[in-house]
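Letter by letter, the chains look like this.
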Amino acid sequence: MDTKIGSLDTCKPPCSDLASPPNGAVSTIQSSVPATPLVNPSESTLGRHLARRLVQIGATDVFSVPGDFNLTLLDHLIAEPGLNLIGCCNELNAGYAADGYARSRGVGACVVTFTVGGLSVLNAIAGAYSENLPLICIVGGPNSNDYGTNRILHHTIGLPDFSQELRCFQTVTCYQAVVNNLEDAHELIDTAVSTALKESKPVYISVACNLPAIPHPTFSREPVPFSLSPKLSNEMGLEAAVEAAAEFLNKAVKPVLVAGPKMRVAKACNAFVELADACGYAVAVMPSAKGLVPEHHPHFIGTYWGAVSTAFCAEIVESADAYLFAGPIFNDYSSVGYSLLLKKEKAVILQPDRVVIANGPAFGCVLMKDFLKALSKRLKSNTTAYENYHRIYVPEGQPPKCEPKEPLRVNVLFQHIQKMLSSETAVIAETGDSWFNCQKLKLPKGCGYEFQMQYGSIGWSVGATLGYAQSVPEKRVIACIGDGSFQV
């Protein structure tokens, strides 16, 4: 069966009912596709085709910085009724905004100018790549007639080489399309967009500045909705992996579940909660997975972050005789300098398409979502770890009130911020102090939460807040800046 791209099937906690689930993907299954209507000849241009594609996949807001190489393209994007063009103060913030938008809507897009704009937005694209976000980065490129002429163009470093920008993007995008010929423009654009959706990574599209307004027969019809073949598990491998994992976990006395950040790209958040409901294990999250699992779950015990875990969480996780990690990233940040007291022989490590049990065996071509759903039917209920947590848990005290004219303390500030949170809010946490302070927030049902732990770009939260807020206008977005201050 093929998957038709029309709306975004995202991976957010089941409690978070956003227009498209909080961090997602892009697809609904339909059995038939009607014939697409003809386009007005004046609108059968490359620019309008790209605009219609963006609307079709759900990127109805595009973040941009105008420049002379992209002005004609921007005119055609503005002319698309379903598309909203949002001007940004610089390219880096436009990229950050597209990142924040993609976290909520499931896909984001930005438009910048050649080289001077492309190299500026590059850092934001790298961050989106590290976080597995489908992001369409569109650059207004040189005139197609300038290629091969040995001319030196402005906005470049002064060399007659137009490939510098492309080479930079090759390492932080999963596909690069340089459109300088109308004959293959349709194919290049559609391949780039569909690849971003399939791989959940950014792509780069450079469009020659003289092409967006030229009609071409390949753009004479409304674009046919994408049909992306869904990824499937190897059924024999899935059954073998589930059987081995169930045998391993059912022998444990006090097993636990720990959610990791790759559950987002695997679209496995709901399946993880289904497993947690079925087995009764204590449930923790890695710091970079905060917000992916509902914190009102009856067996939720907090953030597992080694020595800086929330109170009593590390004691339960590290004393368990078996733990299932779903989509973990064990980098120097998340492992507190590789100091986690975990043992490989106790662990089931589940990645988006692979399962490893203790020191072996390993099973490939097994999708995380399929594995979790199947495993939920095979595990025995075991609440021992959660009962142990409940036995040692001591509720947090309240910070003493500030005296008149006393400097505001961080713990008092966050006490007020906690009271602001509801199902109608979302928190964007900046790199730095806010990482640690925001981990202590208790997210109500439906409250969104985002931060960039893998890449950790300082300043990311400012643009990301714009993008996230634009994607879900019904939410009140609270940005926690790096020094611990909040902006709403």
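Basis of the calculations
Residues numbered from 1 in each chain as written. Predicted model: local features only at pLDDT ≥ 70, side-chain atom pairs only at ≥ 80, totals over all residues. Heavy atoms only, no water. Phe/Tyr/Trp six-rings, centres within 6.5 Å; stacked < 30°, edge-to-face > 60°. Helix = DSSP H or I, 4+ residues; strand = E, 2+ residues; numbered from the N terminus. Buried < 20%, exposed > 50% of the residue type's maximum accessible area, 1.4 Å probe, protein only. Pairing = 2+ DSSP bridges. Domains from an automatic or database assignment. Lys, Arg positive; Asp, Glu negative; His and termini not counted. Salt bridge = Lys/Arg side-chain N within 4 Å of Asp/Glu carboxyl O. Polar contact = N/O pair within 3.5 Å; in protein donor to acceptor, adjacent residues only side chain to side chain.

The next point concerns the packing of aromatic side chains. Within this structure, the stated rule accounts for 14 aromatic pairs. Taken together, a centroid distance of 5.1 Å and an interplanar angle of 5 degrees make the contact between tryptophan 305 and phenylalanine 436 stacked. Placement of the pair is tryptophan 305 in the loop between strand E11 (300-303) and helix H10 (313-319) and phenylalanine 436 in helix H14 (residues 433-439), with a sequence separation of 131 residues. Ring plane angle 65 degrees and centroid distance 5.4 Å describe the contact between phenylalanine 325 and phenylalanine 330, whose orientation is recorded as edge-to-face.

Counting through the fold element by element, alanine 271 comes out in helix H9 (residues 269-279). On the accessibility criterion, alanine 271 (3% relative accessible area) is buried. Distance in space between the C-alpha atoms of alanine 271 and threonine 173 is 29 Å, their sequence separation being 98 residues.

Moving on: the pairing of strand E10 (residues 282-285). Here E10 shows no split at all, with Ala282 and Ala284 on one side and Val283 and Val285 on the other all buried. Here E10 runs beside E11; their pairing, made up of three bridges, is parallel. Within E11, the residue paired with valine 283 across the bridge is phenylalanine 300.

When cut into domains, the protein chain gives domain 1 (46-219), domain 2 (235-392) and domain 3 (410-487). Measuring from the centre of the C-alpha atoms in domain 1 to the corresponding centre in domain 2 gives 38 Å.

What follows covers the side chain of glutamate 430. Looking at the secondary structure, you find glutamate 430 in the loop between strand E16 (425-429) and H14. Among buried Asp, Glu, Lys and Arg side chains, glutamate 430 stands out as unpaired, with arginine 103 the closest opposite charge at 10.0 Å. Here tryptophan 460 takes part through its backbone nitrogen, which lies 3.5 Å from a polar atom of the side chain of glutamate 430.

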